[in-house]
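# Survey of secondary and tertiary structure
Each chain, letter by letter, is given below.
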Amino acid sequence: MDHDPFAELKKRQREMWASFGPTATSTTPVAAHLVKFAAIAPGEDLLDVATGTGVAAITAARAGARVKALDLTPELLAQAHENARIAGHEEIEWTEGDAEQLPYADASFDVVLSQFGHMFAPRPEVAIAEMRRVLKPGGRIAFATWPPEHMVGRMFAFVGRNSPPQPSGSAPPSQWGNLAVIAERLGARFDAPFFERGVMAYPALSLSHYRLSMERTIGPLQKLIERLVSETEKLAALRSEFDAMAEPYYDENIVHQDYVLTRARAI
């Protein structure tokens, strides 16, 4: 295969997401919503792309699917193995790999899932082409993403504004939460998509607790904070801006994180 122009970016992604495990736990209700929304049936062959700690993959296995799962980050896959062991689903096949170069044969799966994962692949058109390639005719794709106008989408935009620019040709992950963009990207490979919304409840004792949790577990934000650690005033201003951004979403010790689910059938 030709040299991947985003190999260095993916190397950084592999490393920066290693600390995500604690926050992944909070996505377990979303995984249940996604698996139900995708109408997973017993005996279906399913691939979970960018599985992280295996939250969606294990939920799908509990619904009776035969599951394979892939992620860039070995530290997260180690946690996924342990989660599967605890859940009693050690049959899940875990693979370290890239959403833009899936190591599976054409037409291998009835369903391809991704929970807040494939959206970080730098080239959406490549990731979608790969996800479609491994689907059987009439198979379906289903994924969860963050709308750009709500908390997590705004957080990634905030990080982007305050970080070095991404390599030319890479797409911001929050674009995957725009319904018109999703429909355009699925394009001629899928039927018209169906959407559903939800809200993920992230418990936090204070806005400062929430921000600190994000700083410790959300790789791009973690790197931003590390770059500014010696610039005390700039860091304080940045944290104040983050708190002001998060405040409207914080109520009764919960940060309300809106997400969107997409489902579409391959044609």
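This one's a predicted model, so the numbers in the text were calculated from it and none came from an experiment.

### Thoughts on the packing of aromatic side chains
For the coordinates displayed, the defined rule picks out 11 aromatic pairs. Between F143 and W176 the ring centres are 5.5 Å apart and the planes differ by 80°, which places this aromatic pair in the edge-to-face class. Taken as a pair, F143 in strand β5 (residues 135-145) and W176 in the loop between α7 (151-161) and α8 (179-186) lie far apart in primary sequence, 33 residues in all. Across this residue pair, the class does not change: F143 and W176 are buried. One aromatic cluster is present, built from ring pairs that chain together W17, F20, F120 and F156. The positively charged end of R263 is found above the aromatic ring belonging to F37, 4.6 Å away from the centroid.

### Points about the side chain of R185
Of note, R185 is situated in helix α8. The charged side chain of R185 is buried without a salt bridge, its nearest counter-charge being E125 at 6.6 Å.

### Some thoughts on the pattern of salt bridges
This model, assessed by the stated rule, comprises 20 salt bridges. Between E100 and K10 there is a salt bridge, with its nearest N and O atoms 2.7 Å apart. Of the two residues, E100 is situated in the loop between β3 (93-96) and β4 (109-115) and K10 in helix α1 (residues 7-16); the sequence distance between them amounts to 90 residues. Comparing E100 with K10 shows no difference in burial state: the two are buried. With its nearest N and O atoms 3.3 Å apart, the salt bridge here joins K234 to E231.

About the criteria used
Residues numbered from 1 in each chain as written. Predicted model: local features only at pLDDT ≥ 70, side-chain atom pairs only at ≥ 80, totals over all residues. Heavy atoms only, no water. Phe/Tyr/Trp six-rings, centres within 6.5 Å; stacked < 30°, edge-to-face > 60°. Helix = DSSP H or I, 4+ residues; strand = E, 2+ residues; numbered from the N terminus. Buried < 20%, exposed > 50% of the residue type's maximum accessible area, 1.4 Å probe, protein only. Lys NZ or Arg CZ within 6 Å of the ring centre and 35° of its normal. Lys, Arg positive; Asp, Glu negative; His and termini not counted. Salt bridge = Lys/Arg side-chain N within 4 Å of Asp/Glu carboxyl O.

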